[in-house]
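One-letter residues, chain by chain:
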Amino acid sequence: MQLIDIAYIIVYSIIIYCSILWFTVFFKNRKKMFYNPEPKRFPSITFLIPAHNEEKNIGKCLKSILSLNYPKNKLKVIVIDDGSTDKTAEMVKKFKKVKLLRQKQQGKAAALNNGLKYVNTELVACMDADSFPDKDFLVKMIGYMERKNVASVTPAIKVLEPKTLMQKIQWVEYLWSIFLRKLFNFFDCQYVTPGPGSIYKTNILKKVGGFDEDNLTEDTEIAFRLVDKGYKIENSIDAYVYTEAPPSFKGLFRQRIRWYRGYIQNVFKYSKMIANPKYGNLGFFVLPINFAWMFILGFLLFSQLFNLAWNDFQYFLAWRNINFAILQPEIKFDIFLIDFYTYFLFLFLAMGLFTLWVSIAFSGEKLDLRKKLSFYLSYIFIYPFLISIFWIASIIYEIAGAKRKW
Amino acid sequence: MVKRRIAWEFYIVSAAITIFILFMGIYLGIFLSKGKIEELKSELTSLKLKQEDLMFELSLFALNKNISCNMLTQALEKVIDEAGKLGDRVSLYETTEKIKDENFNELKKDYTLTLIRYWFYVEEIKKNCDKSNLVTVLYFYSNQDCFDCLSQGTILTYMKQKYPQNLMVFALDYDLDLSIISSLKRVYGVQKVPSLVINGEKYEGLVTLEKLSEILCKKYELC
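Residues numbered from 1 in each chain as written. Chains lettered and ligands numbered in written order. Predicted model: local features only at pLDDT ≥ 70, side-chain atom pairs only at ≥ 80, totals over all residues.

K.L.:
Which residues make up the overall build of chain B, and what values do they have?
P.N.:
Counting its regular elements, chain B contains six helices and four strands. Beginning at the N terminus, the succession of helices and strands in chain B can be written as α-α-α-β-α-β-α-β-β-α. The C-alpha atoms of chain B give a radius of gyration of 24 Å, which is well past the 17 Å a tight globule of 223 residues would have. Considering only contacts in chain B between residues 6 or more positions apart, those separated by 24 or more positions represent 76%. (Helix = DSSP H or I, 4+ residues; strand = E, 2+ residues; numbered from the N terminus. Rg over C-alpha atoms; globule rule 2.2 N^0.38 Å. Contact = placed C-beta atoms within 7 Å.)

Here you go:
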């Protein structure tokens, strides 16, 4: 056994351990997955929608919010026009119920804080202009707010009408996130309150000082801060929000670099949480293991690339040396092709398919192989490479100290 | 302020299950490894049985020249082909198996000696039967640090499939700790891998398909 085999076994052990851990969390809570506490009353709520050049989407977004299944007198909407140069403001003015604020372009967090000053309702919801909540979105979430110490409730985000390859991959990824976010909720370790659709208690949000305007991902930062100040974050697995996903690799790359760099920055900012039992499972397990995951992804990507570049190149060379003639196969399928690694391969395949299946089952979707098979296949074969590339690029950018821009 | 707790029970249960899964994998690996060794052993036994059979025929041939040379070569060609296939599986086991059985080294030596004995038989037949178009190749390879060995092996496999009747390849591990291997290396002056000894003549380094075709066609008139 060589060093590389030992490295593989360690990496596989960590992957298996994490999968089993989340599986046990799921198994323990499997009957509570779809449970949302019944709301006793309908608290007043304000939607904050920062918008920068969103003339195409903002109308649809506002329509969907105004037609939510919720008492109309309890629902307010504020759009913060963040220095748009298109007709965003004109579009918003068509809606009489919607308050419009305008500011010079200062970024999303500043826009949210600007809007937060005008909020006098009990709850506040953040929404992106390119996202649309489901009709029952609020009803599913507000029950949690009646619990003490709960500061925020996160929704279940889905990709709207996936068309391109990248959107199809993200469509599956988001379903997986929906499932995983609920497990994180049960394990009390959510560290993101996603931009589109998270709701907060207004007094708590104001007390902790609103959103951090000097942060790549203000939605991660606020979650860390709420956890730090001793508040709970809940999740509703069927409060759906549909959002526009980046259609191209380039767009997705930029988005993920921002997300992951934001994550890295916030982990540094809240590094006191790492391995600190005061912060429960998040500090004790999730943050340290995420750190390990970066190395694992890097290791897997580079070892696979090396494999491709070195071993497969040698086979190619050997094949070229016989002028690409087809050899009669010498070794047929037999016991000699099965070993230790085959076991892991099948194990990972089974775990992957199981994860895919529960993700679909618990996000209210149907398997629908006839239409969605290409989604699943591209997710299985392309996503692991994408995610490794994004993480490694983020780390490189972060180390190189590239200018932090949106 | 919410008091957060660490869910120890989940960590412990998951660790137990993970260890169980890992040990299952290792156990399965060892079990498979043993199974493969058994398979190799039984194939080697049958190969040796055929060898003994042939040995008697060769002895008879020495006594009585009435036995057909063609019959003998054909029989030999068949078993050497078999031996080559067993050799492929032996090296597949050696290069890919992570949990190697302790008996493997013995088995490989046993196999190599069997192969070399076949080579002696062929040389004997060549001498007694005037088989000028029968070409033997001793192929010295290594499983360590040999960039060209994969190519050389592939080229030989290709040629063997092209001239199944007249080409006999004996793949020998350069690093194997056997005195006959050292003697063969010394006799033919083999100092690096890959090396070919074609009908007693040494070629060092990668022998390309073109060069091998030329040697086999022009020198030994296989084509």
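Structure shown, so let's carry the discussion forward.
K.L.:
Before we move on, can you summarise the environment of Thr88 of chain A with the specific residues and values?
P.N.:
All names here are of chain A. Secondary-structure assignment places Thr88 in helix H3 (residues 88-93). Judged by the 25 C-beta atoms lying within 10 Å of it, Thr88 falls in the buried class. Taking the C-alpha atoms as reference, Thr88 lies 9.0 Å from Asn57; in sequence the two are 31 residues apart. Residues within four places of Thr88 in sequence aside, it is in contact with Ala51, Asn53, Glu54, Glu55, Ile58 and Asp81. (Buried ≥ 20, exposed ≤ 12 C-beta atoms within 10 Å, placed from the backbone.)

K.L.:
How would you explain the interface of chain A and chain B if you had to name every residue and give the values?
P.N.:
Between chain A and chain B, the residue contacts involve 41 residues of the former and 39 residues of the latter. Elements supplying a minimum of two residues to the side of chain A that touches chain B: helix H1 (3-29), helix H10 (280-321) and helix H11 (340-361) of chain A. Counting residues per element, the side of chain A that touches chain B draws most heavily on H10 of chain A, which supplies nine residues. Looking at the side of chain A that touches chain B residue by residue, the class counts come to 25 nonpolar, ten polar and six charged. (Nonpolar A, V, L, I, M, F, W, Y, C, P; charged D, E, K, R; others polar.)

K.L.:
Could you give an account of the packing of helix H1 (residues 8-63) of chain B against helix H2 (residues 69-96) of chain B, naming the residues involved and the relevant values?
P.N.:
All names here are of chain B. At a minimum axis distance of 11 Å, the contact between H1 and H2 shows a crossing angle of 160°. In terms of axis orientation, H1 runs roughly antiparallel to H2. Handedness of the crossing formed by H1 with H2: left-handed. Facing Lys36, Leu40, Glu43, Leu44, Leu47, Lys50, Leu54, Glu57 and Phe61 of H1, the residues of H2 in contact are Leu72, Ala75, Leu76, Val79, Glu82, Ala83, Leu86, Arg89, Val90 and Tyr93. Residue classes in the contact of H1 with H2 are distributed as 13 nonpolar, no polar and six charged. (Axes fitted to C-alpha atoms, helices over the stretch in contact; angles between N-to-C directions. Parallel < 35°, antiparallel > 145°, perpendicular 65-115°, else oblique. Left-handed = near helix turned anticlockwise from the far one by under 90°.)

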